[in-house]
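# Architecture at a glance
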Amino acid sequence: VSAQSISGNTIVGAYVDAKNRTHGFVYNGTTWTTLDDPLFSVAGITALYGIDGSKIVGNTQSSGVAAAFLYDGGSFTRPFGIEGQLGGNFHQFFDISGNRIVGTYQDRPFVYIIPEPATFLLAALGLLALFPLATRKRSRASPRRFSPLPRSFFGFASQPPPSIKVRWMLSLASPRAQFGERAL
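Residues numbered from 1 in each chain as written. Predicted model: local features only at pLDDT ≥ 70, side-chain atom pairs only at ≥ 80, totals over all residues. Heavy atoms only, no water.

## Here we look at the nonpolar core
Which entries qualify depends on this criterion: Among the buried residues, those of types Ala, Val, Leu, Ile, Met, Phe, Trp, Tyr and Cys that are joined through side-chain atoms within 4.5 Å form a nonpolar core. Accessible area is worked out with a 1.4 Å probe on protein chains only. A residue is then buried under 20% of its type maximum, exposed over 50%, and partly exposed in between. The numbering of helices and of strands both runs from the N terminus, where a helix is a DSSP run of H or I of at least 4 residues and a strand a run of E of at least 2. The criterion used for residue contact is that any of the two residues' heavy atoms lie within 4.5 Å.
Within the largest apolar cluster, nine residues are counted, these being V12, V26, L35, L48, I51, I56, F69, Y71 and F76. Listed by contribution, the elements that provide at least two residues to this core are β5 (45-52) and β7 (65-71). Excluding anything up to four places from it in sequence, L35 contacts G24, F25, V26, T46, L48, I56, Y71 and F76. Grouped together as the second largest cluster of nonpolar side chains are eight residues, A68, F93, I96 and I114 included.

## Digging into the confidence of the model for the protein chain
Low pLDDT marks stretches whose predicted atomic positions should not be read closely. For the record, the criterion: The predictor attaches a confidence to each residue, called pLDDT, with possible values from 0 through 100.
Per-residue confidence for the protein chain gives a mean pLDDT of 77, with 67% of residues at or over 70. Ranking the helices and strands of the protein chain by mean pLDDT puts strand β2 (residues 10-16) first, with 95, and helix α2 (residues 162-173) last, with 54.

## With respect to a nonpolar patch on the surface
Spelled out, the test is: Patch construction takes residues with relative accessible area above 30% that form no salt bridge. Like charges are linked within 9 Å, and nonpolar side chains (Val, Leu, Ile, Met, Phe, Trp, Tyr) are linked within 5 Å. Here the Shrake-Rupley method, with its probe set to 1.4 Å, supplies the accessible areas, and only the displayed protein chains count as covering residues. For salt bridges, the criterion is a side-chain nitrogen of Lys or Arg within 4 Å of an Asp or Glu carboxyl oxygen.
A contiguous nonpolar patch, built from F94, V102, V111 and I113 and spanning about 320 Å² of accessible area, is present on the exposed surface. Along the polypeptide, F94 turns up in strand β10 (residues 91-97). Since its relative accessible area comes to 32%, F94 is described here as partly exposed.

## Quick notes on the sheet that holds strand β4 (residues 32-35)
Short version of the rule: Pairing between strands is defined by DSSP: at least two bridges between the two strands are required. A fitted line through C-alpha atoms represents every axis, and for helices the fit uses only the stretch in contact; the resulting angles, taken between N-to-C directions, go from 0 to 180 degrees.
Spatially, four strands are ordered β1-β2-β3-β4 in an open sheet, and the strand pairing comes out antiparallel. Each edge of the sheet is formed by a strand with only one pairing partner; in this case those strands are β1 (2-7) and β4. Pairs of neighbouring strands in the sheet enclose a mean axial angle of 25°, with direction left out of account. Examined bridge by bridge, strand β3 (residues 22-27) and β4 share four bridges and lie antiparallel to one another. Opposite F25, over in β4, you have T34 as the bridge partner.

Structural data, given as structure tokens:
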């Protein structure tokens, strides 16, 4: 039995059973509860390393793959997905405090910040606010519009074709050109 972290009266850690398999545990002072990642429960190792309130962090491994997870009392979340263990290139979580999780990746420490639901809501509202602007811009664009700038300005031919040149010159001579409008 290896105790790793405590929050209030609750301790988390890992133990090895009679079949030499490692499981995570939660001990609340009176009851021991085994907590294994359901994706790795048949053949794998689960170890719990940190707890803060009802949030628990840990790691699982099995047959060359690994996953760092966050357990919120009802479901497992794997922010980095399931990763291969080749060369030690996988994330591991070791402790949690509030919405911050400390861990390692390729033997380098990192801090992962748990996104709050409000963050996702604000991002979604921002995208919805941009949608009308994008559709409005598209509806204003017309294939009949003509730019008074010569095509060489945009890096095309050095001289515009004669038909465009005539239209451009006519647009400058029109009475509406005096007020910044272009003839169509």
